[in-house]
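Chains, contacts and geometry: an overview
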Amino acid sequence: MDSNDAAGAEAGPDLRQYFNVIRTYWRGIGAILLITILLAFLWTLTQPKIYQASSSGLVVTAGADSLNTALAGETLAKSKAASYQSIAKSRSVAAKVKKELGLAESPDDLLEQISVDVPAETSEIRISAKSGAPEATRDLANSWVEALADEITSIEPAAESDEGAGEAPIKLAPLGRAALPTAPVSPNTKLALALGGVVGLALGLGYALMRGHLDRRIRSSEAVEQLGLNVAGTIPQDRRLTEKRMIGETGVVDHGDRESHAFSEALRELRTNLSYMDVDNPPRTIVVTSSVPGEGKSSIAANLAVAVAATGREVVIIDGDLRRPVVTEVFGLPDGAGLTDVLSGMADLEDVLQPYGPIPNLSVLAAGRIPPNPSELLGSRSMKNLLRDLARDRVVIIDAPPLLPVTDAAILTKSADGALVTVKAGSTTVDELQKAIDNLRKVEGRVLGAILNQVPTKGAQAGQYGYYGKYYYSSAEDGKNNRRKASPTPTQPPMEPVESGRAQPSRAPRATREVVSDASAPDNGTAEDQTSLIPKFLDDDYDVVNSEPAQRDPNLAFEELVAPRTEKRQARRRL
């Protein structure tokens, strides 16, 4: 039973992979199918049209005066019909037909156009003629039956009677004239197109399977996991980021923009996965890199920084690509002094940090002047001290160069808590990703996981990621439908006056958790000590001391809601 389940589990993914290959290369399969059908149709146009007409005769015997004589004659006729088949294909019959119709073909050519058939257990002889003209085909079939009848009459001896030579005991009686053919029997266009379709489908499937076997590009998370690498997040395609590098994440759910919904939710999923990679010691210094250029690492790093900062934490994004810096361009900030100036001692960190206007708790550290020795500068002790100081009260995200062209990202990963490797779906190959991971492991760098970027959500290549195109929030139409279904006289909760003079709906009191609910419980310390029982990953909406949901004023601005609660975080760290 277990072995059968295991075998079924192994066979399942293989069949799914075949379907994925067909969906990926369906255009090639369709093109090959259409080409073969078109070739089959063109072949039918080049072939001559052949018409077919059939005529038949019946071998009969004479003198059937009684039942016994009739039965004997029928048996004789059946046996004679089989022997007359060879006579029908003789040159003498063909010569008679040629003479009668005045044809230019030789008797041998005429024999090739004739087929003779004798159905089993019958005395019928069927003559089928084929030629390029309908009238000639009909005349050839009729004349052949008549010529065969004359030949049989000349062969079979006539019965003698008192008055002299009588009627032949066996003869061939024509059953009917052949009809004029209206359509050619060859070429058979329908059959040719069907065969062309079958051959084209077989060739197309073979092409797809061969391409799928030879294609080394990564298209799904399963391909990444086969390399022993976890997938930290999958980022769907966003047409805004395919045109240029930009900030697509704003930190706020915009219900009016459905196009960015999938991208924003994928970034939040990545942010959540990073938080729970190590609950006790989550990574605070993260390097975002890729195998080769053009995989979207800079856009991912910038938007991930915005997504993390939207939770209220202090975030610093560092442009660690000292060869082709683009972070300031993504954020729309001016270039100038940056990382290289801080490491060389020519500027202070606080002087070169640039706050990102829409999110005040997000700062950008530009690359600065491009140095002649980027690798040595990034691996210096000053760089390690800078990252250590920043990570004390901030989340640090570093946009690093690709791993294969240069070694800068591997050096940065050694000094950071880990690296996220960006993989562009349908572009990065397995060999490139494997070599990039090997470069990190050679320097004993920690690989946090891979980010599968630009995953298609529509079309044949969407595969299992089509759910990214779904929208979960209610739309205007949904609101209209809900209002139609609602009661015509909705009830509202009673209003209570508040200090501000503005009426608010009364709310039922929510049950709150108490640290020590029973006076008889053993005294394990003060109420402040009991906060150690609260998980460290609680949301900021919960008060650390009272363990109750904090009541928020709905009139507060967004900036006040997402402002960092530094004192509470520090209290948690001390606990």
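Residues numbered from 1 in each chain as written. Predicted model: local features only at pLDDT ≥ 70, side-chain atom pairs only at ≥ 80, totals over all residues. Heavy atoms only, no water.

**What about the overall build of the chain?**
Counting its secondary structure elements, the chain contains 21 helices and 16 strands. For the chain, with 575 residues in total, the buried portion stands at 38%. Carbon and sulfur atoms make up 53% of the accessible area of the chain, which totals about 32,900 Å². (Helix = DSSP H or I, 4+ residues; strand = E, 2+ residues; numbered from the N terminus. Buried < 20%, exposed > 50% of the residue type's maximum accessible area, 1.4 Å probe, protein only. Areas by Shrake-Rupley, 256 points an atom, 1.4 Å probe, with all protein chains shown as cover.)

**Observations concerning the nonpolar core**
Counting residues in each nonpolar core, the largest one holds 45 residues, and the members touching the most others are Ile 218, Ile 318, Leu 339, Leu 365, Met 383, Leu 386 and Leu 433. Once you skip the residues sitting within four places of it in the chain, Leu 386 turns out to touch Leu 339, Val 342, Leu 343, Leu 349 and Leu 365. In terms of nonpolar packing, the next biggest core, distinct from the first, is built from 34 residues, Ala 266, Leu 274, Val 288 and Phe 331 among them. (Core = buried A, V, L, I, M, F, W, Y, C linked by side-chain atoms within 4.5 Å. Contact = heavy atoms within 4.5 Å.)

**Focus: the sheet that holds strand E6 (residues 170–176)**
Note: strands within a sheet are paired through backbone hydrogen bonds, in either parallel or antiparallel orientation. With antiparallel pairing, the four strands of this open sheet are ordered in space as E2-E3-E1-E6. Because the sheet does not close on itself, it has two edges, and the strands there are strand E2 (114–117) and E6. On average, adjacent strands in this sheet sit at an angle of 25° to one another, irrespective of strand direction. Note: strand E1 (residues 51–61) against strand E3 (residues 124–131), eight bridges, orientation antiparallel. Bridging from a neighbouring strand, Leu 58 pairs with Glu 124 of E3. Against the sheet, helix H6 (residues 134–155) makes contact with E1, E2, E3 and E6, and its axis sits at roughly 20° relative to E1, the strand it touches most. (Pairing = 2+ DSSP bridges. Axes fitted to C-alpha atoms, helices over the stretch in contact; angles between N-to-C directions.)

**So, the pattern of salt bridges**
Counting across every chain of the model gives 18 salt bridges. A salt bridge links Arg 394 to Glu 350; its shortest N-O distance comes to 4.0 Å. In this pair, Arg 394 sits in the loop between helix H16 (381–390) and strand E12 (395–399) while Glu 350 sits in helix H14 (residues 349–352), placing the two residues 44 residues apart along the sequence. Because the salt bridges share partners, they merge into one network encompassing Asp 215, Arg 217 and Arg 219. (Salt bridge = Lys/Arg side-chain N within 4 Å of Asp/Glu carboxyl O.)

**What about unusual backbone geometry?**
Each neighbour pair has its own omega, and for Ser 186 with Pro 187 the value is 0°, a cis peptide bond. Residue placement: Pro 187 occurs in the loop between E6 and helix H7 (189–214). In this structure, Glu 444 takes a positive phi of about 60° despite not being glycine. As for its placement among the helices and strands, Glu 444 is situated in the loop between helix H18 (430–442) and strand E14 (447–455). For Glu 444, a relative accessible area of 66% gives the class exposed.

**Section: the environment of Leu 203**
Its place among the elements puts Leu 203 in helix H7. The partly exposed category is assigned to Leu 203, whose relative accessible area is 48%. On a C-alpha basis, the gap between Leu 203 and Ile 29 in space is 7.8 Å, while along the polypeptide they are 174 residues apart.

**Here's the deal with H7**
Helix length check: H7 (26 residues) gives 37 Å between terminal C-alpha atoms against 38 Å at 1.5 Å per residue, within 8%. All of the buried residues along H7 are Ala 192, Gly 196, Gly 197, Gly 200, Gly 204 and Ala 208. (Expected span 1.5 Å × (residues − 1).)

**Let's talk about the sheet that holds strand E9 (residues 315–319)**
In spatial order, the strands read E7-E14-E13-E8-E12-E9-E11-E10; together these eight strands make up an open sheet with mixed pairing. The open sheet terminates on both sides in strands that have one partner only, identified here as strand E7 (231–236) and strand E10 (354–356). Averaged over all pairs of adjacent strands, the angle between strand axes in this sheet comes to 25°, irrespective of strand direction. Pairing geometry for strand E13 (residues 418–424) and E14, over six bridges, is parallel. Within E14, the residue paired with Thr 422 across the bridge is Ile 451.

**Section: a nonpolar patch on the surface**
On the surface, Leu 15, Tyr 18, Phe 19, Ile 22, Leu 201, Leu 205 and Leu 209 cluster together into a nonpolar patch covering about 640 Å² of accessible area. The set of elements that each furnish at least two residues to the nonpolar patch consists of helix H1 (2–24) and H7. In terms of residues, the nonpolar patch owes the most to one element, H1, which gives four residues. Mapped onto the elements of the fold, Leu 15 is located in helix H1. (Patch = residues over 30% accessible without salt bridge, like charges linked within 9 Å, V, L, I, M, F, W, Y side chains within 5 Å.)

**Some points on the packing of aromatic side chains**
Aromatic ring pairs are reported here in terms of the distance separating the ring centres and the angle at which the planes meet. One pass over the structure, following the stated rule, counts two aromatic pairs. A ring pair is formed by Phe 331 and Tyr 356, whose centres lie 5.1 Å apart and whose planes are at 75°; its orientation type is edge-to-face. Taken together, the positions of Phe 331 in helix H12 (residues 327–331) and Tyr 356 in strand E10 put the pair 25 residues apart, joining distant regions of the chain. Exposure remark for Phe 331: the relative accessible area of 6% places this residue in the buried category. (Phe/Tyr/Trp six-rings, centres within 6.5 Å; stacked < 30°, edge-to-face > 60°.)

**Overview of the environment of Asn 361**
Tracing the sequence through the fold places Asn 361 in strand E11 (residues 359–365). With 55 residues separating them along the chain, Asn 361 and Val 306 place their C-alpha atoms 9.5 Å apart. When neighbours within four sequence positions are excluded, Asn 361 is seen to be in contact with Ala 309, Gly 312, Arg 313, Glu 314 and Val 315. From its side chain, Asn 361 meets the backbone oxygen of Ala 309 in a polar contact 2.9 Å long. (Polar contact = N/O pair within 3.5 Å; in protein donor to acceptor, adjacent residues only side chain to side chain.)

**Comments concerning the packing of helix H4 (residues 91–101) against H6**
Running from amino to carboxyl end, H4 crosses H6 at an angle of 125°, the nearest separation of the two axes being 9 Å. Taken together, H4 and H6 sit at an angle that is classed as oblique. Crossing angle aside, the handedness with which H4 passes H6 is right-handed. Contacts from Ser 92, Val 93, Ala 94, Lys 96, Val 97, Glu 100 and Leu 101 in H4 reach Asp 139, Leu 140, Ser 143, Trp 144, Glu 146, Ala 147, Leu 148, Asp 150, Glu 151 and Ser 154 in H6. Taken together, the residues of the contact of H4 with H6 break down into eight nonpolar, three polar and six charged. (Parallel < 35°, antiparallel > 145°, perpendicular 65-115°, else oblique. Left-handed = near helix turned anticlockwise from the far one by under 90°. Nonpolar A, V, L, I, M, F, W, Y, C, P; charged D, E, K, R; others polar.)

**Let's talk about the packing of helix H2 (residues 26–46) against H7**
Here H2 crosses H7 at 150°, and the two axes come no closer than 7 Å. Here H7 runs roughly antiparallel to H2, going by the angle between their axes. In the crossing of H2 with H7, the sense of the turn from one axis to the other is right-handed. Residues Gly 28, Ile 29, Ile 32, Leu 33, Thr 36, Ile 37, Ala 40, Phe 41, Trp 43 and Thr 44 of H2 pack against Thr 189, Ala 192, Leu 193, Gly 196, Gly 197, Gly 200, Leu 201, Leu 203, Gly 204, Leu 205, Tyr 207 and Ala 208 of H7. Tallied by class, the residues present in the contact of H2 with H7 amount to 14 nonpolar, eight polar and no charged.

**A look at the pairing of strand E8 (residues 285–290)**
E8 sits mainly inside the fold: six of its six residues count as buried. A two-sided burial pattern is seen for E8, the buried positions comprising Thr 285, Val 287 and Thr 289 on one face and Ile 286, Val 288 and Ser 290 on the other. Summarising the sheet, E8 and E12 pair through four bridges and their orientation is parallel. Within E12, the residue paired with Thr 285 across the bridge is Val 396. In the sheet, E8 pairs with E13 via five bridges, with the strands oriented parallel.

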